Amino acid sequence: MILSATPDAIGEAARAIVRGELVGMPTETVYGIAANVFDENAVRATFRLKNRPADNPLIVHLARTQQWSLVATVFSADAERLAAHFWPGPLSLVLPKQASVPTVATGGLDTVAIRVPDHPTARQLILEAGTPLTAPSANSFMSLSPTRAQDIETAIATGLSCILDGGSCLVGIESTVVDMTGAEPILLRPGGVSRLAIERILGRPILTTRGGERRSPGMYDRHYAPVAPIRLVERLGPLDCGISFRAPLNASQARLPNDAIGYAKELYKSLHDLDRLNPREIAVELLPDSDEWEAVRDRILRATSRK
Ligand code: TXA
Ligand code: MG
């Protein structure tokens, strides 16, 4: 059931969370499936609903930075600098976890990813539920993340007490995930905050995960994919269904902005819309290879992967 995110609806959703139920929650990145992080049964239900492997850790959402100590044990000077600059916002920091955080939530790891979402409805829900909330994207495993309430698949929606409709997500792709547990921060997943912006705040380059022990468990080659296969093309032809930077040549083409931030905001929405046309494939025009496009390129590449 989709509810407009009024104070009453948020109150009702918060009570559902306290009862151990799951709620569809808007954030600035994508919609999430919110649950009480300290309720193991609710967290298990989240994995079941998404059909998600048990070793793929969830991100814990806080109403404000100071709540970090509810779920993590160390907040380094670098973490403080990043939080001061980017929270609320699309940046998740991986930190050593508190013993009270159930390992089902962290995929068995002794670390926890946390962020403060930049959406008033999400923060109000966390405050009223009185607990930090786990919230993976509200899609089933390996499918497209929703950036509008109506893009949440029926199979997911039926497992939720309600979905709070907070409008279209303003960022449109998932948060950037940075591992803060080692001597140097490591970029685990590019996302809504660019690598450059992070490096500017830290005053030095950040490493990138290359597999190995500190890789991020949720980073599968194939991810974020619509039903139709995606193919990269130089330029859309008159009969293609797909996404371009130019005026559409037919009704199954979407023109997206030529700046990375504008493009990210429209990407999942457009893929959901095009997918509903049941095309044979979705063609996507090649993206610029400059740094600002890193996160968008990552999502498109994963969507084209056939693995
Ligand atoms: O923008 C977002 O982050 C959205 C919204 C709803 O907040 N959430 C989201 O969650 O994208 P999810 O579950 O789809 O992606 C979580 C990913 C994991 O797959 C993993 O790559 C990384 O975050 N992650 C979470 N906890 C981690 C940990 N302790 N260590 C390493 N990576 C972690
Ligand atoms: Mg996801």
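None of the values given here were measured: they were computed from a predicted structure. (Residues numbered from 1 in each chain as written. Chains lettered and ligands numbered in written order. Predicted model: local features only at pLDDT ≥ 70, side-chain atom pairs only at ≥ 80, totals over all residues. Heavy atoms only, no water.)

Participant: What is the right way to read a nonpolar patch on the surface from this model?
Facilitator: A surface patch of nonpolar side chains, about 250 Å² in accessible area, is lined by Leu-232, Leu-286 and Leu-301. Within the secondary structure, Leu-286 sits in the loop between strand E15 (282–285) and helix H9 (294–304). (Patch = residues over 30% accessible without salt bridge, like charges linked within 9 Å, V, L, I, M, F, W, Y side chains within 5 Å. Areas by Shrake-Rupley, 256 points an atom, 1.4 Å probe, with all protein chains shown as cover. Salt bridge = Lys/Arg side-chain N within 4 Å of Asp/Glu carboxyl O. Helix = DSSP H or I, 4+ residues; strand = E, 2+ residues; numbered from the N terminus.)

Participant: Help me out: how do you make sense of the confidence of the model for the chain in this one?
Facilitator: Detailed reading of predicted coordinates is not advised where the pLDDT is low. Residues of the chain with pLDDT of at least 70 account for 94%, and the chain-wide mean is 94. The secondary-structure element of the chain with the lowest mean pLDDT is strand E11 (residues 207–208), recorded at 88, while strand E3 (residues 32–36) shows the highest, at 99. (pLDDT = per-residue confidence, 0-100.)

Participant: Help me understand the nonpolar core in this model?
Facilitator: Note that soluble globular proteins tend to have their nonpolar side chains buried in a common cluster. Counting 30 residues, the largest nonpolar core has Leu-91, Leu-93, Ile-114 and Ile-198 as the members making the most contacts within it. Listed by contribution, the elements that provide at least two residues to this core are helix H2 (40–50), helix H4 (77–86), strand E5 (91–96), strand E6 (111–115) and helix H7 (195–202). What Leu-91 contacts, discounting residues up to four positions off in sequence, is Leu-82, Phe-86, Ile-114, Arg-115, Ser-175, Thr-176, Val-178, Val-193 and Ile-198. Core analysis: the second largest hydrophobic core is formed by 27 residues, Ala-225, Phe-245, Ala-264 and Leu-267 among them. (Core = buried A, V, L, I, M, F, W, Y, C linked by side-chain atoms within 4.5 Å. Buried < 20%, exposed > 50% of the residue type's maximum accessible area, 1.4 Å probe, protein only. Contact = heavy atoms within 4.5 Å.)

Participant: How should H2 be read in this particular structure?
Facilitator: Helical periodicity: at 3.6 residues per turn, an α-helix aligns residues three or four positions apart in one direction. Of all the residues in H2, the buried ones are Ala-42, Val-43, Thr-46, Phe-47, Leu-49 and Lys-50. Down the axis, H2 shows its buried residues gathered within 165° of arc, on one side only. Opposite its buried face, H2 presents the exposed residues Asn-41 and Arg-48, each directed more than 90 degrees away. Against the buried residues of H2 lie E3, strand E7 (133–134) and helix H6 (154–157). (Arc of directions from axis to C-beta.)

Participant: Teacher, can you tell me more about the sheet that holds strand E13 (residues 242–244) here?
Facilitator: Through backbone hydrogen bonds, the strands of a sheet pair up, either in parallel or in antiparallel fashion. A sheet is described by the order of its strands in space; here four strands give the open sequence E12-E15-E13-E14, paired in parallel fashion. Of all the strands in the sheet, just strand E12 (230–233) and strand E14 (253–255) have a single pairing partner and so form its edges. Going across the sheet, the axis of each strand differs from the next one's by a mean of 25°, ignoring polarity. Sheet analysis places E13 next to E15, joined by two bridges and oriented parallel. Across the sheet, residue Gly-242 finds its bridge partner in E15, namely Ala-283. The strands touched by helix H8 (residues 260–275) within the sheet are E12, E13, E14 and E15, with E13 carrying the most contacts at an inclination of about 155°. The sheet contacts of H9 involve E12 and E15, and relative to E12 the element is tilted by about 125°. (Pairing = 2+ DSSP bridges. Axes fitted to C-alpha atoms, helices over the stretch in contact; angles between N-to-C directions.)

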